[in-house]
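Spelled out from the first residue to the last, the chains are:
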Amino acid sequence: MKVVFDRKLLCSVFPPLMCAVSNKSTLPALEGVLIEAYDDNYCILTTYDTDKGIRLRIDARVFASGHYIVNAQRFFQVARAMDGDEIELTIDSKLTAKILSGRSSHKMPALEGDDFPSLPEIAHEKGFVIGQTLLKKMISQVSHAMGVDDTRPVLNGCYMKVEDKTITLVSCDSFSLAKRVAKTEIQNKNSDNSPLDFSFIVPVRTVNELIKLLSDDEEEYAEIYMTKKNIVFILGGITFFSRLIDGEYIDYNRIIIKNHKITAILNHDEFISALERAALVTEEKVAGSVRSPVKLEFSGEVLKIMASSSTGSTYDEILIKHEGEDILIGFNNRFLMNNVRACGGERIKLSLSSPLTSMNIEPEENPEDGEELFMLLPIRMKE
């Protein structure tokens, strides 16, 4: 196989490819990139760690076609370190890959392309198209609440539900729940023209990589297709595919308390600033100490934000619009900040009932295109 790449173009496509390269596998093929060179002067580059994968096309001058595997990390490092405008890759019958650029050359071992793991067969029969910007924003609002290594596998990811003109994203771990609903134009790509009615759970690692691949350009769209076990995201020239989490998601609407007795409306940015100051105390790492909570005291038209540890204390006040009894409640400050940051709007509403029940965080007025709701469990404070 002999191929000549534009060096800058080759280097530009490697960051997304690296997200599906295994770094803990005993199989060398999983640490590699499969390069398939075709006589029509293009290559297909693929990485796959058996859970998720990336395939993309890149233009190149192909002098001898073939398909081989080279170590992805090393190939990327070599290509980036070269100073020529082009990269010439030659792989001979002895499985030696020679990389030339300008006056520099580098050799590394290669593997036969047939050693690459079999990719899942994805039939493009059921799917939809949605704006990348909206999907990226929605994922960014719920991703903080996804479980990681939770004993309940369905919580280790993001639940997505798609209906005619509505998409719902939910994530939940042992402390937080995040729900984002948007009403938007969703193009039906079902081959049988059946109504859109999907629900699936995307693994946490796939979600974390997907948000990096999604564009901020409002003109860009994502084509999303699914089977029983896998999901495919077509993002311009990139095809990103992943397995899905099998199982029934929790009944999240049932665990959200909707009739809280106490509400407070306050400025979003003022609250975040106060919590960031409290973090100077709550995030202080002192040997043998337990991370201290942030305490919220709703007293009349004032919210008092307090935290103390062996290294010091902090105190803030924010004016609020308060209905219901006065209350003192404590939270893990990092979790609280994550939920408040995810909540949109200039002013937010906090709804709660007691120091031991969850608190809802939502915009004072929900967005026109749907709903935002974040729920957080409190910490039992010492007397």
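As a starting point, this report considers the structure included with it. Nothing here was measured: the structure is a model prediction, and the numbers come from that model.

Further remarks concern a negative patch on the surface. Where like charges cluster on the molecular surface, the negative patch consists of D217, E218, E219 and E220. Tracing the backbone through its elements, the reader meets E218 in the loop between α4 (204-213) and β16 (221-226). On the basis of relative accessible area, E218 is assigned to the exposed category, the value being 61%.

Looking now at unusual backbone geometry. With the exception of glycine, most residues fall at negative phi, and the peptide bonds are largely trans. Its identity as a non-glycine residue notwithstanding, T50 has a phi of 80°, on the positive side. Note on placement: T50 falls in the loop between β3 (42-48) and β4 (52-59). Overall, the relative accessible area of 41% leaves T50 in the partly exposed class. One non-glycine residue, N193, lies in the positive phi region at around 60°. As for its position among the elements, N193 is in the loop between β14 (187-188) and β15 (198-203). Exposure remark for N193: the relative accessible area of 67% places this residue in the exposed category.

Our next topic: the packing of helix α3 (residues 132-142) against α4. Between α3 and α4, the least distance of the axes is 10 Å, while the angle of their chain directions is 140°. The pairing of α3 with α4 is recorded here as oblique in orientation. Of the two elements, α3 crosses α4, and the hand of that crossing is left-handed. Packed against α3, whose contacting residues are Q132, K136, I139 and S140, the element α4 presents V207, L210, I211 and L213 at the interface. Tallied by class, the residues present in the contact of α3 with α4 amount to 5 nonpolar, 2 polar and 1 charged.

On to the packing of aromatic side chains, then. Evaluation of the coordinates by the stated rule reveals 9 aromatic pairs. Pairing Y48 with F241 gives two aromatic rings, centres 5.6 Å apart and planes at 40°, and the pair type is tilted. Of this pair, Y48 sits in strand β3 while F241 is found in strand β18 (residues 238-243), placing the two residues 193 residues apart along the sequence. Exposure remark for Y48: the relative accessible area of 8% places this residue in the buried category. Since its relative accessible area comes to 6%, F241 is described here as buried.

Reading across the sheet, the 9 strands line up as β15-β11-β12-β13-β27-β26-β25-β19-β23 and stay open at both edges, with antiparallel pairing between neighbours. Strands at the two margins of the open sheet, each flanked by one partner only, are β15 and β23 (321-323). On average, each strand axis in the sheet is inclined to that of its neighbour by 15°, with strand direction left out of account. The strands that α3 touches are β11 (157-162), β12 (166-172), β13 (176-183) and β27 (370-376); relative to β13, the one it contacts most, it runs at about 160°. Across the sheet, helix α7 (residues 333-342) touches β13, β25 (347-352), β26 (359-363) and β27, and the angle it forms with β27 is around 170°.

Before going further, it helps to spend a moment on the pairing of β3. Burial analysis of β3 places 7 of its 7 residues in the buried class, the great majority of the element. The alternating pattern of β3 places Y42, I44, T46 and Y48 on one face and C43, L45 and T47 on the opposite face, and all of these are buried. As paired elements, strand β2 (residues 32-38) and β3 share 5 bridges and run antiparallel to each other. Residue pairing in the sheet places Y38 in a bridge with Y42 of β3.

The next thing to look at is the pattern of salt bridges. Once the charged atoms of two side chains with opposite charge are near each other, the side chains can pair. Scanning all chains against the criterion turns up 14 salt bridges. Between E86 and R61 there is a salt bridge, with its nearest N and O atoms 2.8 Å apart. Taken as a pair, E86 in strand β7 (residues 86-91) and R61 in strand β5 (residues 61-64) lie far apart in primary sequence, 25 residues in all. Residue class for R61 comes out partly exposed when judged on its relative accessible area of 41%.

The next point concerns the pairing of strand β10 (residues 127-131). Taken across its 5 residues, β10 has 5 buried, putting it largely inside the fold. With burial as the criterion, each face of β10 is covered, one bearing G127, V129 and G131 and the other bearing F128 and I130. Judged from the 5 bridges that link them, β10 and β16 form a sheet pairing that is antiparallel. Its bridge partner lying in β16, G127 is registered against Y225. Summarising the sheet, β10 and β14 pair through 2 bridges and their orientation is antiparallel. Pairing of V129 across the sheet is with Q187, part of β14.

Analysis parameters
- Residues numbered from 1 in each chain as written.
- Predicted model: local features only at pLDDT ≥ 70, side-chain atom pairs only at ≥ 80, totals over all residues.
- Heavy atoms only, no water.
- Patch = residues over 30% accessible without salt bridge, like charges linked within 9 Å, V, L, I, M, F, W, Y side chains within 5 Å.
- Areas by Shrake-Rupley, 256 points an atom, 1.4 Å probe, with all protein chains shown as cover.
- Salt bridge = Lys/Arg side-chain N within 4 Å of Asp/Glu carboxyl O.
- Lys, Arg positive; Asp, Glu negative; His and termini not counted.
- Charge placed at Lys NZ, Arg CZ, Asp CG, Glu CD.
- Helix = DSSP H or I, 4+ residues; strand = E, 2+ residues; numbered from the N terminus.
- Buried < 20%, exposed > 50% of the residue type's maximum accessible area, 1.4 Å probe, protein only.
- Axes fitted to C-alpha atoms, helices over the stretch in contact; angles between N-to-C directions.
- Parallel < 35°, antiparallel > 145°, perpendicular 65-115°, else oblique.
- Left-handed = near helix turned anticlockwise from the far one by under 90°.
- Contact = heavy atoms within 4.5 Å.
- Nonpolar A, V, L, I, M, F, W, Y, C, P; charged D, E, K, R; others polar.
- Phe/Tyr/Trp six-rings, centres within 6.5 Å; stacked < 30°, edge-to-face > 60°.
- Pairing = 2+ DSSP bridges.

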